[in-house]
Amino acid sequence: MDFKTDIRYLKGVGEKRAELFNQLGVKSVGALLQLYPRDYRIMTPKKLEETEFDVPAAVKATIISPIKQVYIRKNMVLYKFIATDGEEDMAVTIFNNKYVAESLKFGGEYLFYGKVIRNLIGCEMSAPEIYPVGTEDIIPVYPQTSGLTSKAISRVIKIALENCDIEETLSDEIKGKYNLCDIKTALHNIHCPKDKQSIDIARRRLVFEELFYLQTGILFQKSSRTKTTNVKINGNCIREFAANLPFTLTDAQKNAINDAIRDMRSNKPMSRLVQGDVGSGKTMVAAALAFAAAKEGYQSVIMAPTEVLAVQHFTTFQNTMQNSGIRLGLLVGSMTKTAKNKLKTAIENGEIDILIGTHAVLEDDVKFKSLGLVVTDEQHRFGVEQRTVLSSKGNNPHMLVMSATPIPRTMSLIFYGDLDISIIDSLPSGRQPIETYLIDSDKRDRAFTFIKNHLDSGRQAYIVCPAVEENEAIDIKAATEYYETVKDGAFSGYSVGLLHGKMRPKEKDKVMTEFKNGDIRLLISTTVIEVGVDVPNAVIMMIENAERFGLSQLHQLRGRIGRGKYKSTCILLSDFKSGETAARLKFLTKTVDGFKIADEDLRLRGPGDFLGKRQHGLPELKIADLSCDMLLFREAGAAAKELYNSDPLLKDSKNLAILKEMQKLFKTAKNYGYN
Ligand code: ADP
Ligand code: MG
């Protein structure tokens, strides 16, 4: 049998078991062998005296009392007995497990695995797992499902290991160079390790392999961008654009613009990501390029994730392109059908040079005359497909993606693997660093006074209300109640506004506009303001129940302030004074560097969470953990590059196994070129 064999044909797996394995996503023997242990149980026996508080351990002990049955209530029996390790005794309790209890013998010696509790009368162990003496020193622990225990999985895997022909996929060259064991050893050791070291050796090989395939796939996908384009934008008029700005572009902005112009002068469509911290001025990069496109006769489209943001961009573009003759259009869901249709006709006739909008721009009947540039802002909120849909409205137009949140380099390679990257690593000059404080909620009144002082001196402020749960309706209620309370309480006499996601777009716009032009001084909001909103006069961001937000999200919220010439303050309210949560929040008070924060966020939350549930079209990682396997990630990346340089089309027969693996792994990924 081989990797493709159905697990049903394994000894010990019938229809019923196979069904249970299917629930774990395992259908073939190969998938079974890639069902890696979640953890390992160290079974090296310890004396009772050596066990630590709250740490499970295996104790080798002999049963020295009869096994007593205690009936607690109907259907609930306890089995109690005493066992000794030769020096000390412990009282063992088994709950309701007749099968286990009856298999034990008075005078028999066993390994009892569990937490030892020490109290006045001696040692106790409740509900231990019981193994025969002579059990392996390390036992794998598998992700289980009801009806399928870790032990049962382990047993089946052992049978598979014995019967399956395991084919090597990595060349001797790679294995030698990167010090990797062969696949057979790796699979054997990961499932039946004899010691800690053999797990490490196995893991190294398996993690490397997984990350190697991943990066090879990404690399080959990038190089398969063979499309050419007739859209050429040479960007000679960018100077004219820059001359009309009220500030000078930062060097980082100029570099990003230059990178993009270089791409757009070539005959291949640009696919570029601009990564920059919040407030670094990414919008200007998009504006400069769209300006250049328009001056050279091409249309551009800018897609933003929210209506508030689309409107903001529209206004920014209007301001920066006054008297340039460039015709702007705004397309958002809340417009009337008549207005939309009129605009769509204008776009199709080429009477609009730059279209700014929300998802509405994706609709089928939005057609362009000569689309040359596609920009998506805050891309992490959009799926890969949406990018493709937008591009397909032109004839291989150039594409620019702006990412809202800085993300760790590994993540951007994976998430945006098919894109070239420009990083905006500095903020416009003249910004004052934001100060961040973490305070208890009983200091809220003081914080209110602090806010009032700033409102009195002409500034504005935000208060973000608790994200109560994953339920927008409840969040909105919380924000609404908060608003009602402070409007007539702490902030009576001030102009207070409310913003949340369920307001009609028109209402939202009204509130945002009033906040922007200063009619509203204090804005109570849910996280809808998280994305991109820009009001330089707002200098305070207070966040209630800060512990409920992720680091990157808090950083993003904080990015709403510190955008002008005034000193800004971020106040995090939380009653979590210790532990991991407090540490996480304290981290934010110490740095404003979005890239550092992203790294920390990745370390704390792990990559799964980080990427969110969004389909990124890449194979799922089964063993690698991107928050701790960074070194291996780099090594595997180097190996992938070497492979690419030596055999860019994977034509060499010695790379056949890799090619096959690529086809297997990436076939479900729509956007990969291996179909
Ligand atoms: P983000 O990168 O978060 O999208 P924005 O593009 O919204 O940032 O820009 C943040 C603020 O910085 C805006 O008010 C914008 O007008 C201003 N800004 C952009 N570039 C510069 C610059 N070179 N000098 C001064 N201010 C700038
Ligand atoms: Mg932005």
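Each residue is numbered by its place in its chain's sequence as written, counting from 1. Here every chain gets a letter starting at A, and every ligand a number starting at 1, in the order they are written. Note on the predicted model: pLDDT of at least 70 is required for a residue's local features to be given, and 80 or more for side-chain atom pairs to be given and counted; whole-chain, interface and lining totals, by contrast, use all residues. With hydrogens and water stripped out, all remaining heavy atoms of the structure feed into the side-chain values.

(A) Local environment of the overall build of the protein. Put simply, DSSP H or I for four residues or longer makes a helix, DSSP E for two residues or longer makes a strand, and each gets a number counted from the N terminus. Helix and strand content of the protein: 22 helices and 23 strands. Taking the principal axes of the C-alpha coordinates as reference, the protein spans close to 95 × 70 × 45 Å. Burial status across the protein gives 52% buried among its 675 residues. When contacts within the protein are restricted to residue pairs at least 6 apart in sequence, long-range pairs at least 24 apart make up 73% of them. We get accessible surface area from the Shrake-Rupley algorithm with a probe of 1.4 Å; when it comes to residues, only the shown protein chains can shield them. Accessible area of the protein: about 32300 Å², with a carbon and sulfur share of 50%. To sort residues, take the accessible area from a 1.4 Å probe on protein chains only and compare it with the maximum for the residue type: under 20% means buried, over 50% means exposed, and anything in between is partly exposed. Should any heavy atoms of two residues lie within 4.5 Å, those residues are counted as being in contact.

(B) Seen up close, the sheet that holds strand β23 (residues 569-573). The six strands lie next to each other as β18-β23-β22-β19-β21-β20, forming an open sheet whose pairing is parallel. A single partner strand is all that each edge strand has here, and the edge strands are β18 (435-439) and β20 (496-499). Between one strand axis and the next, the sheet turns by 20° as a mean value, whatever way the strands run. Against the sheet, helix α19 (residues 579-590) engages β18 and β23, with an angle of about 155° to β18. In this description, strands pair whenever DSSP reports at least two bridges between them. Lines fitted to C-alpha atoms define the axes, with helix axes restricted to the stretch in contact, and inter-axis angles between N-to-C directions lie between 0 and 180 degrees.

(C) The site of ligand 1, seen in detail. Contacts to ligand 1 come from 17 residues, most closely from T248, G279, T283, R431 and D534. Counting of polar contacts relies on pairs of N or O atoms within 3.5 Å, with two restrictions inside protein: one atom must be capable of donating a hydrogen and the other of accepting it, and residues adjacent in sequence are counted only when both atoms are side-chain atoms. Contact distances for ligand 1 include 2.8 Å between a nitrogen atom and a backbone N or O atom of T248. In the environment of ligand 1, an oxygen atom lies 3.2 Å from a nitrogen or oxygen atom belonging to the side chain of R563. If ligand 1 stood free it would expose 570 Å²; the protein chains cover 86% of that surface. The leading source of residues in the shell around ligand 1 is helix α10 (residues 282-295), at three residues. Three classes are used: nonpolar for Ala, Val, Leu, Ile, Met, Phe, Trp, Tyr, Cys and Pro, charged for Asp, Glu, Lys and Arg, and polar for all others, with Gly counted as polar. Class assignment of the residues belonging to the shell around ligand 1 gives a composition of five nonpolar, seven polar and five charged. A cutoff of 4 Å decides nearness: a residue is near a molecule or strand if any of its heavy atoms lies inside that distance of it.

(D) Spatial organisation of the sheet that holds strand β12 (residues 299-303). Read from one edge of the open sheet, seven strands run β13-β14-β12-β15-β16-β11-β17, paired in parallel fashion. Two strands in the sheet have a free side with no partner beyond their single neighbour: β13 (328-331) and β17 (420-424). Ignoring which end each strand starts from, the neighbouring axes of this sheet average 20° apart. Sheet analysis places strand β11 (residues 271-276) next to strand β16 (residues 398-403), joined by five bridges and oriented parallel. Opposite V274, over in β16, you have M402 as the bridge partner.

(E) View of the pattern of salt bridges. For this document, the term salt bridge refers to a Lys or Arg side-chain nitrogen within 4 Å of an Asp or Glu carboxyl oxygen. Under the definition given, this model contains 28 salt bridges. The partner of E240 in a salt bridge is K295, and the shortest N-O contact between them spans 3.7 Å. Placement of the pair is E240 in helix α8 (residues 238-243) and K295 in helix α10, with a sequence separation of 55 residues. Three or more residues are tied together by salt bridges with common partners; here these are E168, D172, K175, R205 and E209.

(F) Quick look at the state of the cysteines. Here, the term disulfide refers to a pair of cysteine sulfur atoms separated by no more than 2.5 Å. Taken as a whole and assessed by the stated rule, the structure comprises zero disulfides. Cysteine C164 remains unbridged, with the sulfur of C192 as its closest cysteine sulfur at 14 Å. With relative accessibility at 5%, the residue C164 sits in the buried group. Cysteine C181 shares no disulfide, and the gap to the nearest cysteine sulfur, in C192, comes to 14 Å. For C181, a relative accessible area of 14% translates into the label buried.

(G) View of the side chain of T93. Residue position: T93 is located in strand β5 (residues 89-95). For T93, a relative accessible area of 9% puts it in the buried group.

(H) Structural context of unusual backbone geometry. Not every positive phi belongs to a glycine, and D54 is a case in point at roughly 65°. A residue is classified by how much of its surface remains accessible, and D54, at 45% relative accessible area, is partly exposed.

(I) Just helix α6 (residues 183-191), in detail. The set of residues buried in α6 consists of I183, A186, L187, N189, I190 and H191. Considering only its buried residues, α6 is in contact with α2 (29-33), β1 (39-42), β10 (138-141), α4 (150-163) and α7 (196-223). Structurally, the start of α6 carries an N-cap: the backbone nitrogen of K184 is 3.0 Å from a side-chain oxygen of D182.

(J) Representation of the nonpolar core. Within this scheme, the nonpolar core is defined by two criteria: the residues are buried Ala, Val, Leu, Ile, Met, Phe, Trp, Tyr or Cys, and they are joined through side-chain atoms within 4.5 Å. Counting residues in hydrophobic clusters, the biggest one holds 84 residues, and the most contacted among them are F208, F212 and L355. Ranked by the residues each element gives to this core, the list is headed by α7, at twelve residues. Not counting residues up to four positions away in its chain, the partners in contact with L355 are S300, V301, I302, G329, L330, L331, L343, I347, V361, V366 and F368. If you look at the next biggest cluster of nonpolar residues, it comprises 45 residues, including I261, M264, V285 and Y298.

(K) Geometry of helix α11 (residues 307-320). Expected span, for any helix, means 1.5 Å times one less than how many residues it has. Over its 14 residues, α11 extends 20 Å from the first C-alpha to the last, a length consistent with the 20 Å expected when each residue adds 1.5 Å. Turning to α11, its buried residues are E307, V308, L309, A310, Q312, H313, F314, F317 and T320. Capping the start of α11 is the job of one residue whose side-chain oxygen sits 3.2 Å from the backbone nitrogen of L309: T306.

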